Amino acid sequence: MSRTIMLVPIGAGVGLTSVSLGVLRAMERKGVRVSFFKPIAQSRQGGTQPDLTSSIVRASSNLTVAESFPMAEARELIRNDQVDVLLENIVARFKESTKDSEVALIEGLVPTRKHTFANEINFEIAKTLDAEIVFVAVPGTDSPAMLQERIELACSNFGGLKNKQISGVIVNKLNAPVDDAGQTRPDLSEIFDDADMAKVANAEMPQLLSNSPVRILGCVPWSIDLIATRAADLASHLHAEIVNKGELETRRIKSITFCARSIPNMVEHFRPDSLLVTSADRPDVIVAACLAAMNGVKIGAILLTGGYEIPQQILDLCKDAFATGLPVFSAPGNTWQTSLALQSFNLEVPADDKERIEFVYDHVASHIDAQWVESMLEGAVRSARLSPPAFRYQLTEFARRANKRIVLPEGDEPRTVKAAAICAERGIAECVLLGNPEEIKRVAAQQGVELGAGVTIIDADSVRENYVARLVELRGAKGMTEVVAREKLQDSVFLGTMMLENDEVDGLVSGAVHTTANTIVPPFQIIKTAPSASIVSSVFFMLLPDQVLVYGDCAINPDPDAGQLAEIAIQSADSAAAFGIEPRVAMISYSTGESGKGADVDKVREATRIAQEKRPDLIIDGPLQYDAAIMENVAASKAPNSPVAGKATVFVFPDLNTGNTTYKAVQRSADLVSIGPMLQGMRKPVNDLSRGALVDDIVYTIALTAIQADQQNA
């Protein structure tokens, strides 16, 4: 281990867990082998519960997490003037768990009324572990000068500005809504519609702090998504009775409205991700909210108070709304009691809320100083494996640099609309949404999405005629007429493909609604294969906990012959290399080496020979069984002399049946993310989505497509 970094909070409420997660993710993105250690467990609820950050890191990553020292035992040692004994225990845990890391991230104690000794103990731990100190602060209502003064005061408690172990400060919660005392309160009051919360105008804080004697290592803006809790968590907190479960586990709450006014004055608050709180004896509010849900407004949930029974006639009226996934639950108290219970809700992210945790990781990481993170590798050796966070970060960075325009034929599909907005916000690509502009805007409004710069909406009806003549020209030999061309162009994928053929866009992504055949047939007919390719195939990027693997072909070719399989192997290896994965290609079969006989294994053996002959620069071996390809101990006995066995990164399956089954079995049983299928061998990039694709799946597929377009133009 070469570096130890300790995050030290300047006061309570700085969002220490979020900053810890962001720093860990920023390091992972750069390929740093990092471990995490909270020396003394500090649960907000007290007692013996594990600390939140350690729980989240264990549940959401494959990082090494050292065991924290129990708070009760630590307090007893401190009370009995045995700090040396405490520090010895901490060192022992630290050394054992961080010996294989390039960087160890230490999270200090938060000063609270119960833990007034936090600063003193943090300083002792930092000295004992020879840790570089990074303070974590929030602006609150402070001016830059006042914040700088607080930072300098904190430094004075840790040896002063002359202490060379003080590396800098991370400023969190820029522009957060705060109360009069300058606190971002850990309750839901800050997202009540009627809450009188100030929003501090400190957007220029980073520039104003640029002359600070303490280096600014990150300025993290506040976002409502950081505290967007699941409806299920609120229901659990309130001990609510579930009236309609719907999408209770997945819908999120970003605002709360107490429905105490007449319907005309409430309708504007019936918006996506809103919790509507109303007495159960207000059927007018319930029915109005259900009408909004039936019209596509994805209301977060309805919370009923007062303990009244909902008449069966009202429930019958609401059936269609309930079918949209609208969660409805009932709290036992009246509205006033319920509002007090809501304000006591803990907004810290639960360790099992994977979606929100992932947002926290990436949001904070994107605002950490990249040069500081890269400095962590000075004098250290990088791991050869590309971790999933590093791969996803690399995708978005490559896509930003490519600056491409991607057409999305399913322009009014809700997930696609959200993905387009995210791509625009992150600068991943300019997305072109094909469809009826009014319908697209309506869907965006229902999803709570703003389509601004970076998203182009094209009315399919107004441009369709532009491509009739060209389609006839391209497909005339196949019997294409103007009448048939107009009919074909009613299909948005055909229309998007013609835009791609005409160089108006750089790539196409479809499949959230369309089948694979619907998505790839038009490009096969119009775009065709690249000059250097004899076959179109596909790969999936499988994001395992500690590395990314490439699987091909799991989506296109049912039963390739030996020559085609060799081409798939070469294409897959080139795709892996293009995305930063060192290609070591395993040709998968039911047999390893020369042990098996039969037509199927002979095909893989011949494909391996052809691929090796065509591309001697690639590391390709086969036939290999899957376990021999991925597990070093199995490889040692089954294929001891193989350059690939035990360390394969690219897996080429003998047929579609094997490939598709394997990728889905690994994905589902290991609960991991797969990105793809990414098509290989097309003259211009076209990629297919699963119809069950999540918004993030679409975002990353758009990024893949943009990168492919850039590589093909290079």
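As annotated in an unreviewed UniProt entry, the protein chain carries the name Phosphate acetyltransferase and comes from Vibrio stylophorae. What UniProt states about the protein chain under its Subcellular location (unreviewed entry) heading is, verbatim, "Cytoplasm". Entered under Subunit (unreviewed entry) in the UniProt record, the comment concerning the protein chain runs "Homohexamer."

## Points about the pattern of salt bridges
Under the counting rule described, the total for this entry stands at 41 salt bridges. Measuring nitrogen to oxygen at the nearest pair gives 3.1 Å for the salt bridge that ties Lys-30 to Glu-374. With Lys-30 in the loop between α1 (16–29) and β2 (34–37) and Glu-374 in helix α14 (residues 370–374), this residue pair connects regions lying 344 residues apart in the sequence. When the shortest N-O distance is used, the salt bridge between Asp-316 and Lys-319 registers 3.8 Å. Connected through salt bridges with shared partners, the residues Arg-25, Glu-28, Arg-29, Glu-358, Asp-362 and Arg-392 form a single ionic network.

## Things to note about the packing of aromatic side chains
Inspection of every chain in the model, using the stated rule, returns 10 aromatic pairs. Their ring planes at 20° and their centres at 3.9 Å tell us that Phe-540 and Tyr-663 sit as a pair that is stacked. Of this pair, Phe-540 sits in strand β21 (residues 537–543) while Tyr-663 sits in helix α27 (residues 656–670), and the two are 123 residues apart along the sequence. Three or more aromatic residues link up through ring pairs in this structure, and these residues are Tyr-551, Tyr-626, Phe-651 and Phe-653. Directly above the aromatic system of Tyr-361 lies the positively charged group of Arg-25, at a separation of 4.3 Å from the ring centroid. Geometry around Phe-123 places Lys-127 over its ring, the cationic atom sitting 4.6 Å from the centre.

## Comments concerning the UniProt feature "domain: DRTGG" (unreviewed entry) in the protein chain
Per the UniProt annotation, the sites labelled "domain: DRTGG" (unreviewed entry) are residues 233–344. Strand forms 21% of residues 233–344 and helix 33%; the C-alpha atoms that close the span are 13 Å apart.

## Topic: the packing of helix α16 (residues 414–426) against helix α28 (residues 695–713)
Interaxial distance between α16 and α28 falls to 9 Å at its minimum, and their mutual angle equals 55°. With respect to their mutual orientation, α16 and α28 come out oblique. Handedness of the α16/α28 crossing: right-handed. Residue-level contacts link Arg-415, Thr-416, Lys-418, Ala-419, Ile-422, Cys-423 and Arg-426 of α16 to Val-695, Ile-698, Val-699 and Ile-702 of α28. Of the residues contributing to the contact of α16 with α28, the split by class is 7 nonpolar, 1 polar and 3 charged.

## Some thoughts on the UniProt feature "domain: Phosphate acetyl/butaryl transferase" (unreviewed entry) in the protein chain
The feature "domain: Phosphate acetyl/butaryl transferase" (unreviewed entry), as given by UniProt, occupies residues 391–706 in the numbering adopted here. Taken end to end, residues 391–706 comprises 47% helix and 18% strand; its first and last C-alpha atoms sit 15 Å apart.

## With respect to the sheet that holds strand β1 (residues 3–9)
Reading across from one edge, β3-β2-β4-β1-β5-β6-β9 is the order of the 7 strands in this open sheet, with parallel pairing throughout. If you trace the sheet from one side to the other, it starts and ends with β3 (64–65) and β9 (216–221), each paired once. Where β1 meets strand β4 (residues 103–107), 5 bridges bridge the pair, whose relative direction is parallel. When the bridges of β4 are listed, Ile-5 appears paired with Leu-105. With respect to the sheet, helix α4 (residues 83–98) is in contact with β1, β2, β3 and β4, its orientation differing from that of β2 by roughly 155°.

## Re the nonpolar core
Phe-391, Phe-541, Met-587 and Ile-702 are the most contacted members of the largest nonpolar core, which totals 56 residues. The element best represented in this core is α28, accounting for 9 residues. Core analysis: the second largest hydrophobic core is formed by 39 residues, Ile-10, Ala-66, Ala-118 and Leu-147 among them.

## A short note on the environment of Ile-588
In this fold, Ile-588 is placed in strand β23 (residues 584–588). Considering only alpha carbons, one finds Ile-588 and Arg-356, 232 residues apart in sequence, at a separation of 37 Å. Leaving out residues up to four positions away in the same chain, Ile-588 has contacts with Val-604, Leu-624, Gln-625, Tyr-626, Ala-629, Phe-651, Val-652, Phe-653 and Pro-654.

## What to know about the sheet that holds strand β13 (residues 255–258)
Across the sheet, which stays open at both edges, the 5 strands sit in the order β11-β16-β15-β14-β13 with mixed pairing between neighbours. The open sheet terminates on both sides in strands that have one partner only, identified here as β11 (241–244) and β13. When the angles between neighbouring strand axes are averaged without regard to direction, this sheet yields 25°. As paired elements, β13 and strand β14 (residues 274–279) share 4 bridges and run parallel to each other. Counted as the bridge partner of Thr-257 is Leu-276 from β14.

## A short note on the side chain of Gln-447
With respect to the element layout, Gln-447 can be found in the loop between α17 (437–446) and β19 (455–459). In this view, Gln-447 contacts Pro-272, Lys-298, Pro-414 and Lys-418; residues no more than four positions away in its chain are not counted.

## Structural notes on the pairing of β19
In terms of strand pairing, strand β18 (residues 430–435) meets β19 through 5 bridges, oriented parallel. From the neighbouring strand, Gly-435 faces β19, where its bridge partner is Asp-459. In the classification by handedness, the crossover that spans β18, the intervening α17 and the parallel β19 is right-handed.

## Remarks on the side chain of Arg-475
The residue Arg-475 is located in helix α19 (residues 468–475) in this model. The buried charged residue Arg-475 lacks any salt bridge, with Glu-501 as its nearest oppositely charged partner at 11 Å. Excluding anything up to four places from it in sequence, Arg-475 contacts Met-480, Gln-525 and Lys-528.

## Some details on helix α23 (residues 562–578)
Given a rise of 1.5 Å per residue, 17 residues ought to cover 24 Å, and the 24 Å separating the end C-alpha atoms of α23 matches this to within 8%. Across the 17 residues that make up α23, a large majority, 12, are buried. Contact partners of the buried residues in α23: β21, β22 (548–552), β23, α24 (599–614), β25 (650–652) and β26 (673–680). Measuring from the backbone nitrogen of Gly-563 back to the side-chain oxygen at the start of α23 gives 3.1 Å, which picks out Asp-561 as the cap. Once α23 ends, the next one or two residues include Gly-580, with phi positive near 85°.

## Remarks on the environment of Val-243
With respect to the helices, strands and loops of the structure, Val-243 is situated in strand β11. Taking the relative accessible area as the measure of exposure, Val-243 reaches 32% and is therefore partly exposed. On a C-alpha basis, the gap between Val-243 and Asp-503 in space is 53 Å, while along the polypeptide they are 260 residues apart.

## As for the environment of Gly-306
You can see Gly-306 is positioned in the loop between β15 (301–305) and α10 (312–317). For the pair Gly-306 and Thr-335, spaced 29 residues apart in sequence, the C-alpha separation works out to 6.7 Å. Once residues lying within four places of it in the same chain are set aside, the contact partners of Gly-306 are Ala-331, Pro-332, Gly-333 and Asn-334.

Cut-offs used in this document
- Residues numbered from 1 in each chain as written.
- Predicted model: local features only at pLDDT ≥ 70, side-chain atom pairs only at ≥ 80, totals over all residues.
- Heavy atoms only, no water.
- UniProt positions renumbered as here; feature names shortened; annotations may be inferred.
- Salt bridge = Lys/Arg side-chain N within 4 Å of Asp/Glu carboxyl O.
- Helix = DSSP H or I, 4+ residues; strand = E, 2+ residues; numbered from the N terminus.
- Phe/Tyr/Trp six-rings, centres within 6.5 Å; stacked < 30°, edge-to-face > 60°.
- Lys NZ or Arg CZ within 6 Å of the ring centre and 35° of its normal.
- Axes fitted to C-alpha atoms, helices over the stretch in contact; angles between N-to-C directions.
- Parallel < 35°, antiparallel > 145°, perpendicular 65-115°, else oblique.
- Left-handed = near helix turned anticlockwise from the far one by under 90°.
- Contact = heavy atoms within 4.5 Å.
- Nonpolar A, V, L, I, M, F, W, Y, C, P; charged D, E, K, R; others polar.
- Pairing = 2+ DSSP bridges.
- Core = buried A, V, L, I, M, F, W, Y, C linked by side-chain atoms within 4.5 Å.
- Buried < 20%, exposed > 50% of the residue type's maximum accessible area, 1.4 Å probe, protein only.
- Right-handed = clockwise from strand over helix to strand, strands pointing away.
- Lys, Arg positive; Asp, Glu negative; His and termini not counted.
- Expected span 1.5 Å × (residues − 1).
- Polar contact = N/O pair within 3.5 Å; in protein donor to acceptor, adjacent residues only side chain to side chain.

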